[in-house]
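Breakdown of the fold
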Amino acid sequence: MTPIIAQTSWLIPLYPLMGALLTIPWSPAFIRRTGPRPAGYINIVMTALALVHTLLAFLALWGKSSPQFFFASWLNVAGLNLAIPLEASLITLGACVLIITLNLLAQIYAVGYLEMDWGWGRFFAMMALFEAGMCALVLCNSLLFAYMLLEILTLGTYLLVGFWYNQSLVVTGARDAFLTKRVGDLVLLMAVLAIYPLAHTWDFRELAAWAQTANVDPGLITLIGIGLIAGPMSKCAQFPLHLWLDEAMEGPLPSTILRNSVVVTTGIWVLVEMEPVIALSSTASAFAIAVGAVTAIGATLISAAQIDIKRVLSYLSSAYMGLMFIALGAHQPGAALLLALIYALGMAALVMGAGSIIINITTQDLTQMGGLWGRRPVTAIAMITGAASLVALPPLGGFWAMLSLVSGLWDSDRGLLVAIVLLVNWLMAFSLARLLGLIFAGKTQQMTMRSPEPIWFIVLPLAIVAGFALHLPLIMAQFNLLPAWAEISQDMALLLTWSSILGAAVGTLLYVNRMVEDPSKLIQKPLQNLLAYDFYTPKLYRNTFVLGVDVLSRMTDWLDRYVVDGLVNAVGLASLFSGETLKYGNTGQLQFYVLTIALGVAGLGILMNWQALAALF
């Protein structure tokens, strides 16, 4: 018998929604003397209640191998019955625990970071929308409703990125993030609609069962598989739909914590659920691997050339998502989920640390930082912990996640992919060492001369996330997620460890020990510009897609203005002219009207019998 607390798991997404509704009395139209702060506290309380419910449901299902399924009827018309299937299992509830915990810490962080902002009600309501959408997504067991929830998250991204809508860069970033995601969403919708006539279901479990015995046209299933991948490509900021994540950094940093740690992984969750279908096409699987490999290598190279702390983290996010795409293309969904778990905590620690630094020194330029180790020890330790957990440094979580990936790749004779993962790990370790060296090592500069730790609302969540990232291997061991040492490939473990050590060592020598006065001069200027400007991808977009849309829009405007409108205006002018002309024939004489009608009837008769008259002559 399943306890009632587990049977009511479907209520979990409703807690943040209720918190969002309760913020309405503290909107600017109603605030009088209380100010907006109660709206934030209400949402924090509702998020805490959701976390308690999720933890109790998780413990109630502990030891139960079979998940619990719930069905809510949504639409039943003309023989079409659409029910919302929900799955409560250790995996889905564990994902909810991660989402709600990070959102709770991000909200506490926002109390300190946005202390003087009057948009509290709007900000916390939109953070609640993020939380509710992600919890509903991991609990939902339907491809159709998962697509709808992804659309809700896209809307949430647009609203949060555009939070400070009176700034031009913010508006541009929100618009580009929304439109870029719409490109992938449109292709994903095509795949969602195309798969139903084949499988006659959108249920993830039934789709997986159908994929075991499916006999479909290879070309068709390849197109569907690529369509299913295209949506997560935009959600996970994969090349060529990756620029939006960097522009989305213009939004409030507390929302970036949630977006860069767990929101970007929502596409990975959908791909994990659809992996049996994608595996039907080797071409679609190769496409996922190619996208992930290109993004992982390119994004780590770009991150190592950036001087904006937020840009470094955004491109590292895309690179880590690329590793998950490689795992899914190689049919290792378990390794992809493990990478997502490790990434969420490590990236959250880095983003929180970046905000802790920015709020005091009021700059994002890494070249103006330095010497913060003695002034910001908590932030430094937390960011070092987060960075170490993202790369393959034993015994932290990133080591076990990447080891699981490369071991599976090696066992399936994918040596090239193993080399790519090792290269990406090396580049990531170098980029993170460079980031930490520019911030905490070297001499104190003018911007960092007075930079103490911020208030505890910011420091406490940062320390808690770093603690989770540090102790995650112990938690994973409790859930039997760590492989036994005798079962792993020790050669792969050694290669991963050395790639991390060498990457971090090179970054430390160049940016901590300062063996070279200006390490950027070690690379030729054209290559520096190529990496610093994102392989000129924005310029390429402007000269291709943007230019093409602009030319097409101008042509459409010309056709509408001078052809369509011109034809309508010509008809109107002709009617006006003929009416003005006919009014002079209004004499009031009956015989004139009869003559006019007779001539009209004769003309119509000749016109209708023209072919017969032509035959006579």
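This structure is a prediction, so every number in the text was calculated from the model and none was measured. (Residues numbered from 1 in each chain as written. Predicted model: local features only at pLDDT ≥ 70, side-chain atom pairs only at ≥ 80, totals over all residues. Heavy atoms only, no water.)

1. Some details on the packing of helix 17 (residues 377-390) against helix 20 (residues 456-478)
- At a minimum axis distance of 9 Å, the contact between helix 17 and helix 20 shows a crossing angle of 35 degrees. As helix 17 packs across helix 20, the resulting crossing turns out to be left-handed. Only Val459, Leu462, Ala466, Ala469 and Leu470 of helix 20 make contact with helix 17, whose side of the interface consists of Val378, Thr379, Ala382, Thr385 and Ser389.
- Taken together, the residues of the contact of helix 17 with helix 20 sort by class into seven nonpolar, three polar and no charged. (Axes fitted to C-alpha atoms, helices over the stretch in contact; angles between N-to-C directions. Helix = DSSP H or I, 4+ residues; strand = E, 2+ residues; numbered from the N terminus. Left-handed = near helix turned anticlockwise from the far one by under 90°. Contact = heavy atoms within 4.5 Å. Nonpolar A, V, L, I, M, F, W, Y, C, P; charged D, E, K, R; others polar.)

2. A look at the environment of Asn215
- Topologically, Asn215 is positioned in the loop between helix 8 (204-213) and helix 9 (218-235).
- The exposure class assigned to Asn215 is exposed, which follows from its relative accessible area of 76%.
- Between the alpha carbons of Asn215 and Leu280 there is a distance of 9.3 Å; along the sequence they are 65 residues apart. (Buried < 20%, exposed > 50% of the residue type's maximum accessible area, 1.4 Å probe, protein only.)

3. Looking at the side chain of Thr497
- With respect to the element layout, Thr497 can be found in helix 21 (residues 490-511).
- Apart from residues lying up to four places away in sequence, Thr497 is in contact with Ala392, Pro394 and Phe399.

4. Some thoughts on the packing of aromatic side chains
- Scanning all chains against the criterion turns up 14 aromatic pairs.
- On the basis of an interplanar angle of 85 degrees and a centroid distance of 6.1 Å, the ring pair of Tyr41 and Trp120 is categorised as edge-to-face. Linking Tyr41 in helix 3 (residues 37-60) with Trp120 in helix 5 (residues 120-139), this pair joins segments that are 79 residues apart in sequence.
- Take Tyr41: its relative accessible area is 37%, and that puts it in the partly exposed class.
- Taken together, the ring pairs in this structure connect Tyr41, Trp120, Phe123, Phe124, Phe163 and Trp164 into an aromatic cluster.
- Between the NZ or CZ atom of Lys181 and the centre of the ring of Trp244, over which it lies, the distance is 4.4 Å. (Phe/Tyr/Trp six-rings, centres within 6.5 Å; stacked < 30°, edge-to-face > 60°. Lys NZ or Arg CZ within 6 Å of the ring centre and 35° of its normal.)

5. Details of the nonpolar core
- Grouped together as the largest cluster of nonpolar side chains are 180 residues, with contacts concentrated most on Leu143 and Ile439.
- The biggest single contributor to this core is helix 16 (residues 333-361), with 19 residues.
- Setting aside anything within four residues of it in sequence, one finds Ile439 in contact with Ile309, Ile357, Leu366, Met369, Gly370, Gly371, Leu372 and Met383. (Core = buried A, V, L, I, M, F, W, Y, C linked by side-chain atoms within 4.5 Å.)

6. Notes on the domain arrangement of the protein
- Each assigned domain of the protein is listed here: domain 1 (1-140 + 286-524), domain 2 (142-280), domain 3 (525-584) and domain 4 (586-616).
- Once you take the C-alpha centre of each, domain 1 and domain 4 turn out to be 83 Å apart. (Domains from an automatic or database assignment.)

7. Notes on the environment of Gly121
- Its place among the elements puts Gly121 in helix 5.
- On the basis of relative accessible area, Gly121 is assigned to the buried category, the value being 10%.
- For the pair Gly121 and Asp518, spaced 397 residues apart in sequence, the C-alpha to C-alpha distance is 46 Å.
- Excluding anything up to four places from it in sequence, Gly121 contacts Thr23 and Ala39.

8. Details of unusual backbone geometry
- For the bond running from Phe239 to Pro240, omega is 5 degrees, close enough to zero to count as cis.
- Topologically, Pro240 is positioned in the loop between helix 9 and helix 10 (243-247).
- Omega for the peptide link from Pro394 to Pro395 comes to 5 degrees, which places this bond in the cis form.
- Tracing the backbone through its elements, the reader meets Pro395 in the loop between helix 17 and helix 18 (397-411).
- You will see that His331, though not glycine, has its phi angle at about 65 degrees, which is positive.

9. A few points about the state of the cysteines
- Under the defined criterion, the tally for this structure stands at zero disulfides.
- Of all cysteine sulfurs in the structure, the one in Cys135 sits closest to Cys96, which takes part in no disulfide; the separation is 4.2 Å.
- Overall, Cys96 belongs to the buried group, its relative accessible area being 0%.
- The structure places no disulfide on Cys236, whose sulfur is separated from the nearest cysteine sulfur, that of Cys140, by 17 Å. (Disulfide = S-S within 2.5 Å.)

10. Observations concerning a nonpolar patch on the surface
- A grouping of Trp62, Trp456, Leu460, Ile464, Phe468, Ile475, Phe479 and Leu481 is seen on the molecular surface, where their side chains present a nonpolar patch of about 740 Å² in accessible area.
- Inspection of the secondary structure assignment puts Leu460 in helix 20. (Patch = residues over 30% accessible without salt bridge, like charges linked within 9 Å, V, L, I, M, F, W, Y side chains within 5 Å. Areas by Shrake-Rupley, 256 points an atom, 1.4 Å probe, with all protein chains shown as cover. Salt bridge = Lys/Arg side-chain N within 4 Å of Asp/Glu carboxyl O.)

11. Observations regarding helix 15 (residues 309-329)
- Under the 1.5 Å per step criterion, the end-to-end length of helix 15 is 31 Å for 21 residues, consistent within 8% with the ideal 30 Å.
- Of all 21 residues in helix 15, 20 are buried, a share of seventy percent or more.
- Of the residues that open helix 15, the one with a side-chain oxygen 2.8 Å from the backbone nitrogen of Lys310 is Asp308.
- In the segment just after helix 15, His331 is the residue with positive phi, at about 65 degrees. (Expected span 1.5 Å × (residues − 1). Polar contact = N/O pair within 3.5 Å; in protein donor to acceptor, adjacent residues only side chain to side chain.)

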